[in-house]
Amino acid sequence: MNANLELIKQEIIAGAEELNSSKEVYEFKKKFLDGKTGKIGLLMREMKNIPPEQRADYGKGVNELKEWALDFLGELDAKMKEKELQARYESEKLDISLPAVELEEGNLHPITLVRNQLIDIFSGMGFEIFEGTEIETDYYNFTALNTPQDHPARDMQDTFYLSPEFLLRTQTSAGQIHVMEKQKPPIKILSPGKVFRSDDDATHSPMFTQMEGLVVDKGITLCDLQGMLDVFVQKIYGEGTKTRLRPSYFPFTEPSVEVDCSCFECGGTGCKLCKGTGWIEILGAGIVNNKVLENCGIDSNEYSGLAFGIGIERTAMLKYGINNIKLLFESDLRVLKQLND
């Protein structure tokens with residue numbers, strides 16, 4: 001009996017020399033001291049097979065071995081944990097004499113910069129922000145904006161249809177209808193958001209960002225539109241920038257205009273940016289068509305309105321001198337680092 005206990009003790013001593021962590025000590029400890037499966041624990045189960053006159057000595061020997069193993073492995077576990085803690089301290093030690101790690105300062109994406117700037121400009125003029133949904137019905141995107149089913153303007157938009165009724169909006173103008181249906185004049189809202197058209201080249205993208213403006217009140221005219229846009233171009237492109245209106249066509253405005261601003265690169269004398277004309281086209285606008293007002297339950301004899309749509313990508317390209325719209329979607333840090341207001 002004593003020889004068997006001594007063998008287990010020597011096995012513990014020899015095995016302890018191979019242990020390298022507190023986790024290994026824990027597993028090794030279970031191998032011998034676990035009440036159900038440990039070698040010392042199993043010795044107590046052999047008590048019933050020991051002759052009665054030897055049981056007292058046998059039990060005493062097993063208990064002494066158990067107490068010795070607990071002390072021995074407990075000390076070993078404490079040493080391992082102290083060693084591991086010291087190793088952790090060494091790995092986390094900081095040399096305060098080393099130069100600090102330089103953190104590179106980030107900046108907002110040019111689309112976000114321009115979007116925020118436009119919102120600030122028009123909010124200062126009293127505009128409220130309305131953000132519509134990117135999935136619209138055919139009615140709100142076309143029909144309510146005076147674009148019937150057989151209207152050629154639908155072909156100009158190259159729409160992404162999700163079903164005969166639903167589509168990805170081609171313009172944020174749909175937000176006008178939602179607002180005018182729920183709110184009575186006076187109305188002054190700005191509706192920014194993503195729009196989608198099947199168009200892709202150096203200056204166009206299938207997805208781009210538009211910002212629609214709408215004002216409805218008594219006595220609104222093109223003079224109000226031009227005065228407001230004069231303030232806009234001077235804020236975004238610099239003092240001295242002027243606007244001019246050219247006749248155009250949009251089904252939801254009458255009259256409709258294309259808006260140009262004097263070239264902020266050459267001051268209107270003619271350069272590569274303005275193609276020698278001294279003017280740069282920046283947006284489309286007009287007086288809200290009476291049919292659109294009537295579709296929303298607004299009396300066109302009492303109220304009139306103006307609307308304009310700004311392409312944020314185009315504004316950013318002009319502002320920052322970007323010649324390919326795809327640079328705005330590739331997130332190339334070499335490009336983005338150069339654009340920071």
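Residues numbered from 1 in each chain as written. Predicted model: local features only at pLDDT ≥ 70, side-chain atom pairs only at ≥ 80, totals over all residues. Heavy atoms only, no water.

1. Comments concerning the sheet that holds strand β8 (residues 279-288)
Step number 1: Taken in spatial order, the 7 strands make up an open sheet running β1-β4-β5-β9-β8-β7-β6, and their pairing is mixed. Each edge of the open sheet is held by one strand with a lone partner, namely β1 (128-129) and β6 (243-250).
Step number 2: With 8 bridges connecting them, strand β5 (residues 207-217) and strand β9 (residues 304-311) associate as antiparallel partners. Within β9, the residue paired with V216 across the bridge is G305. (Pairing = 2+ DSSP bridges. Helix = DSSP H or I, 4+ residues; strand = E, 2+ residues; numbered from the N terminus.)

2. A closer look at the environment of L273
Step number 1: Tracing the chain through its elements places L273 in the loop between β7 (253-262) and β8.
Step number 2: Accessibility expressed as a relative area gives 35% for L273, which makes it partly exposed.
Step number 3: Distance in space between the C-alpha atoms of L273 and I312 is 18 Å, their sequence separation being 39 residues. (Buried < 20%, exposed > 50% of the residue type's maximum accessible area, 1.4 Å probe, protein only.)

3. A short note on the packing of aromatic side chains
Step number 1: What the rule picks out here adds up to 9 aromatic pairs.
Step number 2: Consider the rings of F127 and F308, whose centres lie 6.2 Å apart with planes at 75 degrees: the pair is edge-to-face. Placement of the pair is F127 in the loop between α5 (110-123) and β1 and F308 in strand β9, with a sequence separation of 181 residues.
Step number 3: Put simply, the rings of F122, F127, F232 and F308 pair up and form one aromatic cluster.
Step number 4: The ring of W68 carries the charged tip of K9 above its face, separated from the ring centre by 5.0 Å. (Phe/Tyr/Trp six-rings, centres within 6.5 Å; stacked < 30°, edge-to-face > 60°. Lys NZ or Arg CZ within 6 Å of the ring centre and 35° of its normal.)

None of the figures reported here should be taken as evidence of function without further support.
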